[in-house]
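Spelled out, the chains give:
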Amino acid sequence: MRLGDYLSREPSSKYEQVEKFAGDRKLPLGKPKKIDIGQIALNFLCMSCKNIRTFVSQNNIQMIPITNSLISIDSRLSCPVCNESVAAWFIIDIEGDIMSLSPKVRLLKRNIKYTDNVCPTENKYGKYSEWLAKANIAYQEELGAGSIVYLRKIFESVTYEVADVNGINISDRNGKRLNFKETLDRVCKQVDFIPQEFSKDGYKLFSELSNVVHGDFKEAEGLTKYPALFRLVQGVLDKQIDSIEIKGAKTVLGWNSVTDN
């Protein structure tokens, strides 16, 4: 695997072996060097294209040794359609000898300098975009509890929003709001807002997210579970977007006035 392929992934706590990339001579600390590591490819929301695009690096990647085991990788990634670009910076930890034929690397940090025209892919989620971005930042900083608290907040908020939009009563006889389990059950009985693949596991997802709040949580376990939990919460948001877009398409076609057989 080339280093460019590795940098195209999410930051990881594990070392992985890559092809040699540092050349034949060890660089002095702080001296930049242009390197050939293949393309770095990351997904962003391109506002010029109004779509999510895979931005890729060109022949513009350089490394700067920071210490004997840490290096900085600097590049600029461009949209293949409209040529919007964004600066990307990575911190790499090297295990062993950087000059070896197959050095082992670990991506410690990835920083993207977003612009008005290049945004995180999460921006398509409207008001939830900021919470998703904060969850990812916390995860990248290895804050398992912090990252999962944001996911829990999103799942709760979406549930209450679906109840409100659909006029679902989530109060008891005394006008007091139901607890979340009862709220979720009531909403799910009336609106199919959780993806079919785990539609029966909505409360199981909430329980996983809630362990951090209740103290039954270990940071390492949270970091391990975060990618899967993020994907499930993201799936709930995607379903809401799909529902809105489908309703809009039906309105354009005049189907909303037609009774389904």
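Residues numbered from 1 in each chain as written. Predicted model: local features only at pLDDT ≥ 70, side-chain atom pairs only at ≥ 80, totals over all residues. Heavy atoms only, no water.

Draft legend 1. Examining the overall build of the protein more closely. In terms of regular secondary structure, the protein is built from six helices and nine strands. For the protein, the C-alpha atoms occupy an extent of roughly 75 × 50 × 30 Å along the three principal directions. Classification of the 261 residues of the protein by burial places 39% in the buried group. In the protein, of all internal contacts separated by at least 6 residues, the share reaching a separation of at least 24 is 59%. Only carbon and sulfur atoms are counted for the fraction: they give 48% of the accessible area of the protein, which is about 15200 Å². Where the 36 positive side-chain charges of the protein centre and where its 33 negative ones centre are 1 Å apart. (Helix = DSSP H or I, 4+ residues; strand = E, 2+ residues; numbered from the N terminus. Buried < 20%, exposed > 50% of the residue type's maximum accessible area, 1.4 Å probe, protein only. Contact = heavy atoms within 4.5 Å. Areas by Shrake-Rupley, 256 points an atom, 1.4 Å probe, with all protein chains shown as cover. Lys, Arg positive; Asp, Glu negative; His and termini not counted. Charge placed at Lys NZ, Arg CZ, Asp CG, Glu CD.)

Draft legend 2. Structural context of the side chain of Gln234. Of note, Gln234 is situated in helix H6 (residues 219-253). At 3.5 Å, the side chain of Gln234 forms a polar contact with the side chain of Tyr125. (Polar contact = N/O pair within 3.5 Å; in protein donor to acceptor, adjacent residues only side chain to side chain.)

Draft legend 3. Inspection of the packing of aromatic side chains at higher detail. Counted according to the given criterion, the structure contains nine aromatic pairs. Pairing Phe44 with Tyr114 gives two aromatic rings, centres 5.8 Å apart and planes at 80°, and the pair type is edge-to-face. Here Phe44, found in strand S3 (residues 41-46), pairs with Tyr114, found in the loop between strand S8 (104-113) and strand S9 (118-119); they are 70 residues apart in sequence, far enough to count as distant. Residue classification places Phe44 among the buried residues on the basis of a relative accessible area of 3%. Put simply, the rings of Phe155, Tyr160, Phe180, Tyr203 and Phe206 touch in pairs and so form one group of aromatic residues. The cationic tip of Arg177 hangs over the ring face of Tyr160; the distance from NZ or CZ to the ring centre is 4.1 Å. (Phe/Tyr/Trp six-rings, centres within 6.5 Å; stacked < 30°, edge-to-face > 60°. Lys NZ or Arg CZ within 6 Å of the ring centre and 35° of its normal.)

Draft legend 4. Highlighting the nonpolar core. Of all hydrophobic cores here, the largest spans 33 residues; its most connected members are Leu151, Phe155, Val158, Phe193 and Leu209. Contributions of two or more residues to this core are made by helix H2 (129-140), helix H3 (144-165), helix H4 (180-190), helix H5 (202-214) and H6. Here the element with the most residues in this core is H3; it accounts for nine residues. Ignoring any residue separated from it by four or fewer positions in sequence, one finds Leu151 in contact with Leu132, Ala135, Leu209, Tyr226, Leu229, Phe230 and Val233. Counting residues in each nonpolar core, the second largest holds 32 residues, with Phe21, Cys46, Ile71 and Val105 among its members. (Core = buried A, V, L, I, M, F, W, Y, C linked by side-chain atoms within 4.5 Å.)

Draft legend 5. Summary view of the packing of H2 against H3. Between H2 and H3, whose axes approach to 7 Å, the crossing angle comes to 160°. What the angle tells us is that H2 and H3 run roughly antiparallel. As H2 runs across H3, the sense of the crossing is left-handed. Of the residues in H3, those touching H2 at Trp131, Leu132, Lys134, Ala135, Ala138 and Tyr139 are Gly146, Ser147, Tyr150, Leu151, Lys153, Ile154 and Ser157. Taken together, the residues of the contact of H2 with H3 sort by class into eight nonpolar, three polar and two charged. (Axes fitted to C-alpha atoms, helices over the stretch in contact; angles between N-to-C directions. Parallel < 35°, antiparallel > 145°, perpendicular 65-115°, else oblique. Left-handed = near helix turned anticlockwise from the far one by under 90°. Nonpolar A, V, L, I, M, F, W, Y, C, P; charged D, E, K, R; others polar.)

Draft legend 6. Local environment of unusual backbone geometry. The phi dihedral of Asn83 is positive, around 70°, even though this residue is not glycine. The exposure class assigned to Asn83 is exposed, which follows from its relative accessible area of 62%.

Draft legend 7. Fine view of the pairing of S8. Pairing analysis gives two bridges linking strand S1 (residues 16-17) to S8, with the strands arranged antiparallel. Within S8, the position partnered with Glu16 by the bridge is Val105. Across nine bridges, strand S7 (residues 85-95) lies against S8 in antiparallel orientation. Bridge pairing in S8 links Ala87 to Lys113. (Pairing = 2+ DSSP bridges.)

Draft legend 8. Highlighting the confidence of the model for the protein. Overall, the prediction assigns the protein a mean pLDDT of 85, with 92% of residues at 70 or greater. When pLDDT is averaged over each element of the protein, strand S6 (residues 70-78) comes out on top at 93 and H6 at the bottom at 80. (pLDDT = per-residue confidence, 0-100.)

Draft legend 9. Structural view of the pattern of salt bridges. Evaluated as defined, the whole model comprises 12 salt bridges. As a salt-bridge pair, Arg9 and Glu16 come within 2.9 Å of each other at their nearest N and O atoms. Of the residues examined, Arg9 reaches a relative accessible area of 37% and is grouped as partly exposed. Under the relative-accessibility criterion, Glu16 is labelled partly exposed at 25%. We note a salt bridge from Lys225 to Glu221, for which the minimum N-O separation is 2.9 Å. With a gap of four residues between them, Lys225 and Glu221 both fall in helix H6, about one helical turn apart. (Salt bridge = Lys/Arg side-chain N within 4 Å of Asp/Glu carboxyl O.)

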